[in-house]
Amino acid sequence: MKPAYIPLLLGIIASLLLLSSGPGTRLDLWEFGTGFKLMGIAAYTGLAASVIALVMLLIPRVRRQGVAGLVVALLLGLGAAFVPWSGMQRARSVPPIHDISTDTKRPPEFVAILPLRANAPNPAVYGGPEVAAAQIGAYPDLQTHRMDAAPAQAFERAQHAAQALGWEIVSTDPAAGRIEATDTTFWFGFKDDVVIRIEPDAAGSRVDVRSVSRVGMSDVGANAARIRAFLKALGT
């Protein structure tokens, strides 16, 4: 094997590890912890591929053996290393929590979804003042949404917004003003549960949303982003 092929092979291996980490978890081929480990291995392998490729590009004799392959190896390696690195940076920028609610003093409660979370590592019970303080510090914009509409109209609009976002509606209870749904993440296929509460308000209705991950200590900001997307859809 020509030396110039070594970083290309490493770059291909790193890319395959990265591309299989999420789908393999989603298809239940392995646990999500294994998927994260594969991403880590992909990052180090990609970094090695890019460093070796860069060094070889600086050596004329080796560069002549296949400059195109070395450039491809450099790009593959950088790509495989960048994706896990960016995810790690994003995780470090948010608090390690996985339960987000627009009402941290009286969070909406799950009812119909509780049996679906029976074996979930993360409980459905709210984490209390510590979680609330961490959320308020990181996501101060997430607050109760007030609507100039009767509760029945607000309920219908909330249900349509949830369906428009592709959430799986688990239960709707107009009398209680509660909608429960599950959203599945794209890459790893994580199941995150959402409960929407609609109550009468002096101006019409107040809508509160809570989104909770079933697994993982940190949601890397996914639940907050999900609530923002819902409130935006509800507003439009």
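Colleague: Please clarify how the pattern of salt bridges should be interpreted in this entry.
Modeller: Opposite charge on two side chains allows them to pair when their charged atoms are near. In the structure shown here, the tally under the stated rule is 16 salt bridges. Counted as one network, the salt bridges with shared partners bring together Asp103, Arg106, Arg197, Glu199, Arg206 and Asp208.

Colleague: Please clarify how the pairing of strand β3 (residues 168-173) should be interpreted in this entry.
Modeller: Sheet analysis places β3 next to strand β4 (residues 178-184), joined by five bridges and oriented antiparallel. Along β4, the bridge assignment pairs Asp173 with Arg178. Following β3, the chain reverses through four residues before pairing antiparallel with β4; Gly177 in that reversal takes a positive phi of roughly 65°.

Colleague: Help me out: how do you make sense of a nonpolar patch on the surface in this one?
Modeller: Taken together, the side chains of Leu47, Val51, Leu54, Val55, Leu58 and Ile59 make up a nonpolar region of the molecular surface, amounting to roughly 530 Å² of accessible area. In this structure, Val51 sits in helix α2 (residues 32-57). Take Val51: its relative accessible area is 45%, and that puts it in the partly exposed class.

Colleague: Whenever I open this one, the pairing of β4 confuses me. Can you help?
Modeller: Note on strand geometry: in a regular strand, side chains alternate between the two faces of the sheet. For β4, a buried count of six out of seven residues is recorded, marking the element as mostly surrounded by other parts of the structure. The pairing of β4 with strand β5 (residues 191-201) spans seven bridges and is classified as antiparallel. Its bridge partner lying in β5, Ile179 is registered against Ile196. Connecting β4 to the next strand, β5, in antiparallel fashion are six residues, including Gly189 with a positive phi near 75°.

Colleague: Which parts of the structure should I look at to understand the packing of aromatic side chains?
Modeller: Centre distance and the angle of the planes are the two values used to describe a pair of aromatic rings. Inspection of every chain in the model, using the stated rule, returns eight aromatic pairs. Ring geometry for Phe32 and Phe190: centres 5.8 Å apart, planes at 85°, overall edge-to-face. One end of the pair, Phe32, is in helix α2; the other, Phe190, is in the loop between β4 and β5, and 158 residues separate them in sequence. Their ring planes at 5° and their centres at 5.3 Å tell us that Phe188 and Phe190 sit as a pair that is stacked. Of the two residues, Phe188 and Phe190, neither departs from the other in class, the shared state being buried. Taken together, the ring pairs in this structure connect Phe32, Phe36, Phe188 and Phe190 into an aromatic cluster. One Lys or Arg, Arg117, reaches over the ring of Phe110 and ends 5.9 Å from the middle of that ring.

Colleague: Could you clarify how one ought to interpret the nonpolar core in this entry?
Modeller: Most often, soluble globular proteins keep nonpolar side chains buried together rather than apart. Counting 27 residues, the largest nonpolar core has Ile196, Ile198, Val207, Val209 and Phe230 as its most contacted members. Those elements giving two or more residues to this core turn out to be α5 (129-138), α6 (151-164), β4, β5, β6 (204-213) and α7 (222-235). For Val207, the contacting residues outside a window of four places in its chain are Thr102, Thr144, His145, Met147, Ile196, Arg197, Ile198, Phe230 and Leu234.

Rules used throughout
- Residues numbered from 1 in each chain as written.
- Predicted model: local features only at pLDDT ≥ 70, side-chain atom pairs only at ≥ 80, totals over all residues.
- Heavy atoms only, no water.
- Salt bridge = Lys/Arg side-chain N within 4 Å of Asp/Glu carboxyl O.
- Pairing = 2+ DSSP bridges.
- Helix = DSSP H or I, 4+ residues; strand = E, 2+ residues; numbered from the N terminus.
- Patch = residues over 30% accessible without salt bridge, like charges linked within 9 Å, V, L, I, M, F, W, Y side chains within 5 Å.
- Areas by Shrake-Rupley, 256 points an atom, 1.4 Å probe, with all protein chains shown as cover.
- Buried < 20%, exposed > 50% of the residue type's maximum accessible area, 1.4 Å probe, protein only.
- Phe/Tyr/Trp six-rings, centres within 6.5 Å; stacked < 30°, edge-to-face > 60°.
- Lys NZ or Arg CZ within 6 Å of the ring centre and 35° of its normal.
- Core = buried A, V, L, I, M, F, W, Y, C linked by side-chain atoms within 4.5 Å.
- Contact = heavy atoms within 4.5 Å.

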